[in-house]
Amino acid sequence: MSTELSIEIPRNAQAPFLARRALADLDGKIDPDVLPDVRLLVSELITNSVKYGGDGPVRLEITAADDRIRAEIIDQGVGFTPIARNDDLDKVGGWGLHLTEHLTTDWGTHEGSTHVWFEIDLSA
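Cut-offs used in this document
- Residues numbered from 1 in each chain as written.
- Predicted model: local features only at pLDDT ≥ 70, side-chain atom pairs only at ≥ 80, totals over all residues.
- Heavy atoms only, no water.
- Axes fitted to C-alpha atoms, helices over the stretch in contact; angles between N-to-C directions.
- Helix = DSSP H or I, 4+ residues; strand = E, 2+ residues; numbered from the N terminus.
- Left-handed = near helix turned anticlockwise from the far one by under 90°.
- Contact = heavy atoms within 4.5 Å.
- Nonpolar A, V, L, I, M, F, W, Y, C, P; charged D, E, K, R; others polar.
- Salt bridge = Lys/Arg side-chain N within 4 Å of Asp/Glu carboxyl O.
- Buried < 20%, exposed > 50% of the residue type's maximum accessible area, 1.4 Å probe, protein only.
- Core = buried A, V, L, I, M, F, W, Y, C linked by side-chain atoms within 4.5 Å.

Visitor: Can you explain the packing of helix 2 (residues 35-52) against helix 3 (residues 96-103)? Please cite residues and give values.
Guide: Where helix 2 contacts helix 3, the two axes come as close as 9 Å, and the packing angle between them is 150°. Between helix 2 and helix 3 the crossing geometry is left-handed. In contact with Asp37, Leu40, Leu41, Glu44, Leu45 and Asn48 of helix 2, helix 3 contributes Gly96, Leu97, Leu99, Thr100 and Leu103. Classifying every residue of the contact of helix 2 with helix 3 by side-chain character gives 6 nonpolar, 3 polar and 2 charged.

Structure representation (structure tokens):
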């Protein structure tokens, strides 16, 4: 069984909250042990999109199948090159991509954009 969620979120300080609220539609449809990680990662990546993306809304797309969850955060930013986090662990902020690296099976960006995606393999 496959579940999909696709919404446009206004680019403002409420965007992470609105994204988390939209994820409530997935309650009971995906593994409840994974949903907290999905909420955290979506919140972090939506925050990055609001801070660093271009103008216009942010699109959140989630596809959940029996064995995999894929999330995409899409905005109109000009792109970036992800870099490894090697800072002091006590530093506040800047942990979104680090968390994405460690909590997902795979993730990446579409070259020349700030379109970030991640996947979590539920069979692992």
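From this point, things continue past the structure.
Visitor: Tell me about the pattern of salt bridges, and please be specific about residues and values.
Guide: For the coordinates displayed, the defined rule picks out 7 salt bridges. A salt bridge links glutamate 8 to arginine 59; its shortest N-O distance comes to 3.3 Å. Placement of glutamate 8 in strand 1 (residues 3-9) and of arginine 59 in strand 2 (residues 58-64) is noted, with a sequence separation of 51 residues between them. A relative accessible area of 25% means that arginine 59 is categorised as partly exposed. Where arginine 68 meets glutamate 119, a salt bridge forms, and the shortest distance between an N and an O atom there is 2.8 Å. Here the residue arginine 68 occupies a position in strand 3 (residues 68-74), and glutamate 119 occupies one in strand 5 (residues 116-121), the gap between them amounting to 51 residues. Glutamate 119 gets classed as buried once you look at its relative accessible area, which sits at 16%. Taken together, the salt bridges that share partners define one network made up of Arg68, Arg70, Glu72, Glu119 and Asp121.

Visitor: Account for the nonpolar core, naming residues and giving values.
Guide: Note on soluble globular proteins: their nonpolar side chains tend to be buried together. The biggest cluster of nonpolar side chains holds 27 residues, and the ones touching the most others in it are Leu23, Val38, Val42, Ile46, Leu60, Ile62 and Phe118. Listed by contribution, the elements that provide at least two residues to this core are strand 1, helix 1 (15-22), helix 2, strand 2, strand 3 and strand 5. The greatest single-element share of this core, amounting to 6 residues, is contributed by helix 2.

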